[in-house]
Amino acid sequence: MLHSNPIIKQTGILLSPDNSRVVLRRFSPHPEKRITSIINRVHTLPEDKVKINLDLLLSRFSERHLDLEKKLLDIFESIQVHYDTDYELSISRKLLIGAYFSNEYAFESAALFNPSIVPHPDQSNLPPDSLRFIMSLRAIGEGHISSLVFRTGIIDAAHNVSIDPIPHYAAVAPIKPDSSYDKECFKRKLTEMGFQNELSTTVLDLLPDFFTMDQLQTVLFNTIRQGHHYLENDLLIRDKILWLAYSNYEISIPTHQPLDYWVIFPASPTEKNGIEDVRFVRFVEDDGSPRYYATYTAYDGKVILPQLLETDFESFRMITLNGSAVLNKGMALFPRRFNGKFAMLSRQDNDSISLMYSDNIHFWHESSRIIKPKYAWEFFQIGNCGSPIETELGWLVLTHGVGPFREYSIGAILLDLNDPSRVIGRLKQPLMVPDDTFKGGYVPNVVYTCGCLIHLNKLILPYAISDLKTKIATLDLSHLLQLLTQ
């Protein structure tokens, strides 16, 4: 059992969901035409009543949100197109209208789990042999909607792990309004989706090599209005072009607030119900320059779609992954290239682990299975638990195995450094199984992680318990490698 495994040491850290942390979001009624009716009702209030109602709201909610008045004005501006007169509203009335179309969302009220951990880009002003890290977590709130949140902390020379205090406030990270799109990549994805026709060809020909959403919408709608000769399915093609554009977006966070203040909330059609199981990796190019990627699963309530996140932890680009080999969950990118190619672990058959290579990180077309279930605790399914970690003996990959009662355990394999299709080591018994004290939870009988790191010959392993909470453990890397190679 987890608590009796001699090579695992618990840090005592336990991250639990907190229903007091909320973000303010726009709330839209159905049908949308009700927006005008609600605005008109607020419009009938005398100005003194507006002030009384607004002051009461601000006194109740200002302690829960930074810059509350600015947030309410932003929400008002997002719905003012439904205000159908030229009558100038007072600031107080705009704020009150904004409040009627706002709601608080407790983004981590149900669960805080499936962590991934990477070295922080900023390693300045630390004691000797200490490491600053960023840990991502999947937060679940009302409606089983998954968002992405962060914690930061330090691992010292003695492998003591500390988590920085989190802010009382939180906010949804803002989408950059002028995100750019690579025309060639956009065209390849449309072709792969089967939505390349005369309309899409004409639109793309009129766009520059890198274009913005505004440019795309302007050219697209002008082309449709002017082109009466197009086929009847042009409206479908228009919708698919916009769907693809909205599924690729950029977030830019103001750096005057710490990273753990921000919540990356689902924003695209593919993510409507969640950003799930984010696996971060610090990727080093052949010239030694580092960058950060993460693979994740977008979920719209019916269909899953693997996607890629590129970041420096100030801006985040959410990008669709393309190709016949990226149709399932569980993508995990290697932290460097092999002979100029990107490499990634994947799951192709809901059963085993496959390996993929590609010249282009956005397109993946071929895969080969390298490991399948072998032991009783993984007979139902085996998959990765985050990106491979390079050691002197091989690529260390933590795995998850699913056995009876849909119990998730964590195992480990070792892949050849130069040819990761070769499995050179494998644990016969799980490294971790669900602790008896945490068999209950949001999803019982699960231990799971989306990524760990090495610091001074120790594996720093954050992991989720029962899809509810998150712990952090450490284990001796040399001992683990010995188990894998004996």
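Residues numbered from 1 in each chain as written. Predicted model: local features only at pLDDT ≥ 70, side-chain atom pairs only at ≥ 80, totals over all residues. Heavy atoms only, no water.

**Quick notes on the packing of aromatic side chains**
Link 1 in the chain: Under the counting rule described, the total for this entry stands at 18 aromatic pairs.
Link 2 in the chain: Arranged with centres 5.4 Å apart and planes meeting at 80°, the rings of Tyr105 and Phe265 form a pair that is edge-to-face. Pair noted here: Tyr105 is in strand E3 (residues 102–105) and Phe265 is in the loop between strand E12 (262–263) and strand E13 (274–284), with a separation of 160 residues, a long-range link.
Link 3 in the chain: Judged by its relative accessible area of 3%, Tyr105 is buried.
Link 4 in the chain: Judged by centre distance (5.5 Å) and plane angle (35°), the rings of Phe280 and Phe313 are tilted. A residue pair is termed long-range when its members are at least 10 positions apart, and Phe280 in strand E13 and Phe313 in the loop between strand E15 (304–311) and strand E16 (315–320) qualify at 33 residues.
Link 5 in the chain: Here Phe280 falls in the buried class, since its relative accessible area comes to 4%.
Link 6 in the chain: What makes Phe313 buried here is its relative accessible area of 7%.
Link 7 in the chain: Here the aromatic cluster, defined as three or more aromatic residues joined through ring pairs, consists of Phe150, Phe280, Tyr292, Phe313 and Phe316.
Link 8 in the chain: Its guanidinium or amino end placed over the ring of Tyr105, Arg25 lies 5.0 Å from that ring's centre, counting from NZ or CZ.
Link 9 in the chain: Its end group placed over the ring of Phe338, Arg336 keeps NZ or CZ at 5.0 Å from the ring centre. (Phe/Tyr/Trp six-rings, centres within 6.5 Å; stacked < 30°, edge-to-face > 60°. Helix = DSSP H or I, 4+ residues; strand = E, 2+ residues; numbered from the N terminus. Buried < 20%, exposed > 50% of the residue type's maximum accessible area, 1.4 Å probe, protein only. Lys NZ or Arg CZ within 6 Å of the ring centre and 35° of its normal.)

**Thoughts on unusual backbone geometry**
Only a minority of non-glycine residues have a phi that is not negative, and only a minority of peptide bonds are not trans.
Link 1 in the chain: His30 connects to Pro31 through a cis peptide bond whose omega is -5°.
Link 2 in the chain: By secondary structure assignment, the location of Pro31 is in the loop between strand E2 (23–26) and helix H1 (34–43).
Link 3 in the chain: The phi dihedral of Asp129 is positive, around 60°, even though this residue is not glycine.
Link 4 in the chain: Among the structural elements, Asp129 can be located in the loop between strand E4 (111–119) and strand E5 (131–141).
Link 5 in the chain: The residue Asn350 is not glycine, and still its phi comes out positive at about 60°.
Link 6 in the chain: Inspection of the secondary structure assignment puts Asn350 in the loop between strand E18 (342–346) and strand E19 (353–358).
Link 7 in the chain: Of the residues examined, Asn350 reaches a relative accessible area of 46% and is grouped as partly exposed.

**Things to note about the nonpolar core**
Link 1 in the chain: Formed by 29 residues in total, the largest nonpolar core has its most connected members in Leu396, Leu398 and Leu480.
Link 2 in the chain: Those elements giving two or more residues to this core turn out to be strand E23 (394–402), strand E24 (408–415), strand E26 (447–448), strand E28 (458–465), strand E29 (469–476) and helix H9 (477–485).
Link 3 in the chain: Leave out the neighbours within four places in its chain, and Leu396 touches Pro388, Ile389, Thr391, Ala412, Ile413, Leu414, Leu459, Leu477, Leu480 and Leu484.
Link 4 in the chain: In this structure, Ala173, Leu259, Trp262 and Phe316 belong to the second largest nonpolar core, which totals 25 residues. (Core = buried A, V, L, I, M, F, W, Y, C linked by side-chain atoms within 4.5 Å. Contact = heavy atoms within 4.5 Å.)

**Focus on the packing of helix H7 (residues 213–226) against helix H8 (residues 234–246)**
Link 1 in the chain: For the pair H7 and H8, the least separation of the axes is 11 Å and the interaxial angle reads 180°. It follows from the interaxial angle that H7 and H8 lie roughly antiparallel. Here H7 contributes Met213, Leu216, Gln217, Leu220, Phe221 and Ile224 to the contact with H8, which in turn contributes Arg238, Ile241, Leu242, Ala245 and Tyr246.
Link 2 in the chain: Of the residues assigned to the contact of H7 with H8, the class counts are nine nonpolar, one polar and one charged. (Axes fitted to C-alpha atoms, helices over the stretch in contact; angles between N-to-C directions. Parallel < 35°, antiparallel > 145°, perpendicular 65-115°, else oblique. Nonpolar A, V, L, I, M, F, W, Y, C, P; charged D, E, K, R; others polar.)

**Quick look at the packing of helix H5 (residues 183–193) against H8**
Link 1 in the chain: Direction vectors running N to C along H5 and H8 enclose 125°, while the axes themselves pass 11 Å from each other. The orientation of H5 with respect to H8, classified from their angle, is oblique. Crossing of H5 against H8: the hand is right-handed. In this structure, H5 contributes Phe186, Lys189, Leu190 and Met193 to the contact, and H8 contributes Ile241, Trp243, Leu244 and Ala245. (Left-handed = near helix turned anticlockwise from the far one by under 90°.)

**A look at the pattern of salt bridges**
Link 1 in the chain: Under the defined criterion, the tally for this structure stands at 19 salt bridges.
Link 2 in the chain: When the shortest N-O distance is used, the salt bridge between Arg317 and Glu250 registers 2.9 Å. Within this pair, whereas Arg317 is found in strand E16, its partner Glu250 is found in strand E11 (residues 249–252), the two being separated by 67 residues in sequence.
Link 3 in the chain: When its relative accessible area of 26% is taken as the criterion, Arg317 is described as partly exposed.
Link 4 in the chain: Under the relative-accessibility criterion, Glu250 is labelled buried at 9%.
Link 5 in the chain: One continuous salt-bridge network, built from bridges that share partners, spans Arg21, Glu108 and Arg151. (Salt bridge = Lys/Arg side-chain N within 4 Å of Asp/Glu carboxyl O.)

**Quick word on the sheet that holds E18**
Link 1 in the chain: Taken in spatial order, the four strands of this open sheet run E17-E18-E19-E20, and their pairing is antiparallel. The sheet terminates laterally at strand E17 (332–333) and strand E20 (368–371), the two strands that pair on one side only.
Link 2 in the chain: Note: E17 against E18, two bridges, orientation antiparallel. Across the sheet, residue Leu333 finds its bridge partner in E18, namely Met344. (Pairing = 2+ DSSP bridges.)

**Digging into the environment of Phe211**
Link 1 in the chain: Mapped onto the secondary structure, Phe211 falls in strand E10 (residues 210–212).
Link 2 in the chain: Sequence separation of Phe211 and Lys183 is 28 residues, and the distance between their C-alpha atoms is 7.2 Å.
Link 3 in the chain: Every residue in contact with Phe211, bar those within four places of it in the chain, is listed here: Ser179, Ser180, Tyr181, Lys183, Phe186 and Leu216.

**Topic: H9**
Link 1 in the chain: Restricting attention to buried positions, one finds in H9 the residues Leu477, Leu480, Leu481 and Leu484. One face of H9 carries all of its buried residues, which in axial projection span an arc of 95°.
Link 2 in the chain: Between the side-chain oxygen at the start of H9 and the backbone nitrogen of Ser478 there is a gap of 3.3 Å, and the oxygen is on Asp476. (Arc of directions from axis to C-beta. Polar contact = N/O pair within 3.5 Å; in protein donor to acceptor, adjacent residues only side chain to side chain.)

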